[in-house]
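Report on the structure
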Amino acid sequence: MKFSENIQNIVFQHISEIVTRQNQPAYVIGGFVRDLILGRASKDVDIVVEGSGIALAKEVARRIDPKIKVSFFKSYGTAMFRYKDKEYEFVGARKESYNRDSRNPEVEDGSVEDDQLRRDFTINALALSLAEPDFGELMDPFNGYADLKRGIIRTPRDPKVTFSDDPLRMLRAIRFAAQLNFHIDEQAYDAIVANVERLEIISKERINEELHKIMLAPKPSIGFKLLAKTGILTYIFPELAAMQGVDKREGMAHKDNLFHSLKVLDNIARLTDDLWLRWAALLHDIGKPPTKRFVEGHGWTFHGHEYRGAKMIPGIFRRMKLPLNQKMKYVQKMVSLHMRPIVLVEDEVTDSAVRRLLFEAGNEIEDLMTLCEADITSKNHEKVQRYLQNYQIVRQKLQEVEEKDRIRNFQPPITGEIIMQAFGVGPSKIIGDIKQAIKNAILDGKISNNFDEAWAFMEQYAADYGLKLLKSKGDVIADEDQAKSEDDR
Ligand code: CTP
């Protein structure tokens with residue numbers, strides 16, 4: 001089979017000219033070939049050559065444009081350059097054997113077929129020849145092409161060997177199954193189940209890379225169900241694994257929270273490519289196992305699971321080495337607020353409740369609504385329609401209230417500093433109380449979100465505590481203006 005038409009660019013042309021002249025076998029290999037056959041876009045191009053990859057890379061780059069910067073690692077025998085939108089990586093064909101306790105292989109020169117054999121999956125071991133007269137010819141000693149067409153993930157060697165060489169490949173198998181909607185071949189699957197604990201030598205960062213790719217797949221549940229079934233989930237993410245299962249008492253069962261969360265994740269995957277919103281969908285009910293209770297005569301409850309879940313996030317992120325920055329705070333916020341719009345829908349949608357939600361969600365309100373819509377997983381079509389309709393009402397109300405009251409980025413119009421000046425009181429509990437009362441009055445719609453109404457409210461509220469104004473409104477404003485202009489200088 002020939003794919004010469006698909007590899008017509010200046011880089012491949014120069015490689016072809018050089019290796020044909022030198023009578024040196026060279027191939028484009030791996031993910032690029034797999035994706036080319038599948039019609040997927042790929043950014044990285046891996047070239048393997050019998051001989052020096054570094055020398056070939058330098059020669060190709062020099063011919064195309066001497067300004068191209070070639071980076072190389074002498075000890076690994078690899079070289080890389082960027083050209084147009086692609087990264088080209090060159091390496092000499094290798095035979096490898098791995099040491100049981102590390103990912104670092106011992107390497108020696110080998111043929112292209114040796115190089116194919118040491119790769120993870122048959123679909124990733126496909127190679128296209130670059131030397132004439134075979135330019136574009138598929139080299140496929142392990143029937144990877146057939147596996148690609150049938151949707152099978154299979155290892156070129158005994159999977160026990162392939163996975164023990166590099167246990168990360170067990171996760172890669174699941175990741176490819178999720179990305180491509182492929183099936184893992186039975187022998188490979190069994191080898192994964194038997195070797196889960198070998199993941200211990202893999203860094204958390206590399207595990208996360210695969211988890212993120214599963215998360216970003218069109219239907220991430222495929223990957224997570226495999227992680228659960230193989231036992232990997234219990235190993236790398238026990239809190240999520242703990243969500244699996246159904247308890248029944250007095251004839252009442254709760255839903256399987258893992259499968260529910262995976263449905264929500266699949267739903268949100270249709271609405272957004274935002275990795276962290278997807279994480280929030282996966283984790284929105286993570287607080288359910290520790291809050292699960294059975295109430296006699298009533299049924300199962302998960303009271304406060306959203307707050308418990310939000311509290312669990314930092315510990316999970318720290319252990320898994322996920323980022324502990326704004327991304328984590330965002331996931332936490334989504335988890336803690338995910339019940340709020342539902343409550344709004346079930347009760348009457350009052351302006352005051354909408355204002356409070358807007359205040360707490362801020363700019364994340366849209367994402368929160370997306371999460372809540374994805375959270376509707378009922379099989380009852382009528383129920384789904386009713387919920388979606390109710391959320392539509394909430395969205396409309398959110399918009400109306402936001403236009404009127406500008407709550408989303410709400411800053412109280414009267415600061416603690418102003419209150420202290422107005423009453424001549426130093427920092428104390430009463431100042432906090434007044435500030436809070438003003439905020440609540442605005443959120444409850446008793447007063448509008450502006451300085452004048454807040455001032456009038458403050459004056460009256462403070463009078464109940466026996467506080468009297470020491471400065472007039474005009475004086476406070478003048479002092480504030482002056483303080484601001486001094487700050488600006
Ligand atoms: N490979 C391998 N074992 C690994 C990682 C990679 O055998 N643990 C081989 C595979 O042949 C793979 C190639 O190296 O195709 C390139 O790896 P990489 O760039 O990580 O993955 P791709 O297959 O290109 O897929 P993606 O770009 O989607 O990650």
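These numbers were taken from a predicted model, which means no experiment stands behind them.

1. Focus: the overall build of the protein chain
Secondary structure summary: the protein chain contains 25 helices and 15 strands in total. Since a compact globule built from 489 residues should have a radius of gyration of about 23 Å, the 31 Å found for the protein chain marks it as more spread out than a globular shape. Dimensions of the protein chain, computed from the C-alpha atoms along their principal axes, are close to 95 × 70 × 40 Å. For the protein chain, buried positions account for 49% of its 489 residues. Sequence separation of 24 or more characterises 66% of the internal contacts of the protein chain that already satisfy a separation of 6 or more.

2. Comments concerning the environment of Val 49
Of note, Val 49 is situated in strand 2 (residues 44-49). Residue Val 49 is classed as buried on the basis of its relative accessible area of 0%. In the structure, Val 49 is positioned 30 residues away from Val 19 in sequence and 8.6 Å away in space, judged by C-alpha atoms. Sequence-distant contacts of Val 49, that is, excluding residues within four places in its chain, are made with Gln 24, Pro 25, Ala 26, Leu 56, Val 91, Gly 92 and Ala 93.

3. Description of the sheet that holds strand 9 (residues 138-139)
The pairing of strands in a sheet happens through backbone hydrogen bonds and is either parallel or antiparallel. Read from one edge of the open sheet, 7 strands run 3-4-5-2-1-8-9, paired in mixed fashion. Of all the strands in the sheet, the pair left with one neighbour each is strand 3 (71-73) and strand 9. Pairing of strand 3 with strand 4 (residues 78-83), which is carried by 3 bridges, proceeds in the antiparallel orientation. Paired with Phe 73 across the strands is Thr 78, a residue of strand 4. The strands touched by helix 2 (residues 31-38) within the sheet are strand 1 (26-29), strand 2, strand 5 (86-92), strand 8 (127-129) and strand 9, with strand 1 carrying the most contacts at an inclination of about 60°.

4. Notes on the side chain of Asp 266
Mapped onto the elements of the fold, Asp 266 is located in helix 13 (residues 257-269). A distance of 2.5 Å separates the side chain of Asp 266 from the side chain of Ser 221, its partner in a polar contact. With residues near it in sequence (within four places) discarded, Asp 266 still touches Lys 219, Pro 220 and Ser 221.

5. A few points about the site of the ligand
Around the ligand, the surrounding shell holds 13 residues, and the nearest of these are Arg 34, Asp 120, Asn 124, Asp 166 and Lys 213. In the environment of the ligand, an oxygen atom lies 2.8 Å from a nitrogen or oxygen atom belonging to the side chain of Arg 34. The separation between an oxygen atom of the ligand and a polar main-chain atom of Asn 124 is 2.9 Å. Considering the ligand on its own, with 560 Å² of exposed area, one finds that the protein chains cover 75% of that surface. Mapped onto the shell around the ligand, the elements with two or more residues apiece are helix 2 and helix 7 (168-180). Take the shell around the ligand: its biggest share by element is 4 residues, from helix 7.

6. Some remarks on the nonpolar core
One finds Phe 224, Trp 279 and Leu 283 to be the most contacted residues of the largest nonpolar core, which totals 144 residues. At 9 residues, helix 7 tops the list of elements feeding residues into this core. Not counting chain neighbours up to four residues away, the residues in contact with Trp 279 comprise Leu 211, His 212, Met 215, Phe 237, Met 320, Leu 322 and Val 331. Ranked by size, the runner-up nonpolar core spans 7 residues in total, among them Tyr 27, Val 48, Val 91 and Ala 93.

7. Considering helix 1 (residues 10-22)
Over its 13 residues, helix 1 runs 18 Å from end to end, which matches the ideal 18 Å to within 8%, given 1.5 Å per residue. In the core, the buried residues of helix 1 are packed alongside strand 1, helix 2, strand 2, helix 3 (53-64), strand 4 and strand 5. Structurally, the start of helix 1 carries an N-cap: the backbone nitrogen of Val 11 is 2.8 Å from a side-chain oxygen of Asn 9.

8. Side note on a positive patch on the surface
On the surface, Lys 219, Lys 225, Lys 255, Lys 263, Arg 270, Lys 379, Lys 383 and Arg 386 cluster together into a patch of positive charge. Take Lys 255: it is sitting in the loop between strand 13 (252-253) and helix 13. For Lys 255, a relative accessible area of 46% puts it in the partly exposed group.

9. Observations regarding the environment of Ala 177
Along the polypeptide, Ala 177 turns up in helix 7. C-alpha separation for the pair Ala 177 and Met 215, spaced 38 residues apart in sequence, amounts to 12 Å. Among all residues touching Ala 177, those that are not within four sequence positions of it are Ile 153, Phe 182, Ile 184, Ile 222 and Leu 226.

10. Notes on the packing of helix 9 (residues 204-215) against helix 14 (residues 275-283)
One way to put it is that helix 9 packs onto helix 14 with a least axis distance of 10 Å and a crossing angle of 85°. In terms of orientation, helix 9 and helix 14 fall into the roughly perpendicular class. In this structure, helix 9 contributes Leu 211, His 212 and Met 215 to the contact, and helix 14 contributes Leu 275, Trp 276, Arg 278, Trp 279 and Leu 282. Taken together, the residues of the contact of helix 9 with helix 14 break down into 6 nonpolar, 1 polar and 1 charged.

11. Considerations on the layout of surface pockets
The volume enclosed by the second largest pocket comes to roughly 550 Å³. Forming the boundary of the second largest pocket are 23 residues, of which Lys 255, Met 339, Ile 342, Asp 375 and Tyr 387 lie nearest the centre. Elements that contribute at least two residues to the lining of the second largest pocket include exactly helix 16 (305-320), helix 18 (340-346) and helix 21 (381-405). Classifying every residue of the lining of the second largest pocket by side-chain character gives 8 nonpolar, 8 polar and 7 charged.

Calculation criteria
- Residues numbered from 1 in each chain as written.
- Predicted model: local features only at pLDDT ≥ 70, side-chain atom pairs only at ≥ 80, totals over all residues.
- Heavy atoms only, no water.
- Helix = DSSP H or I, 4+ residues; strand = E, 2+ residues; numbered from the N terminus.
- Rg over C-alpha atoms; globule rule 2.2 N^0.38 Å.
- Buried < 20%, exposed > 50% of the residue type's maximum accessible area, 1.4 Å probe, protein only.
- Contact = heavy atoms within 4.5 Å.
- Pairing = 2+ DSSP bridges.
- Axes fitted to C-alpha atoms, helices over the stretch in contact; angles between N-to-C directions.
- Polar contact = N/O pair within 3.5 Å; in protein donor to acceptor, adjacent residues only side chain to side chain.
- Near = heavy atom within 4 Å.
- Areas by Shrake-Rupley, 256 points an atom, 1.4 Å probe, with all protein chains shown as cover.
- Core = buried A, V, L, I, M, F, W, Y, C linked by side-chain atoms within 4.5 Å.
- Expected span 1.5 Å × (residues − 1).
- Patch = residues over 30% accessible without salt bridge, like charges linked within 9 Å, V, L, I, M, F, W, Y side chains within 5 Å.
- Salt bridge = Lys/Arg side-chain N within 4 Å of Asp/Glu carboxyl O.
- Lys, Arg positive; Asp, Glu negative; His and termini not counted.
- Charge placed at Lys NZ, Arg CZ, Asp CG, Glu CD.
- Parallel < 35°, antiparallel > 145°, perpendicular 65-115°, else oblique.
- Nonpolar A, V, L, I, M, F, W, Y, C, P; charged D, E, K, R; others polar.
- 1 Å grid on protein atoms, 1.4 Å probe; cavity = no way out; pocket = protein on both sides within 12 Å on 5 of 7 lines; lining within 4 Å.
- Points joined across faces, edges and corners; volume = space filled by probe spheres on them.

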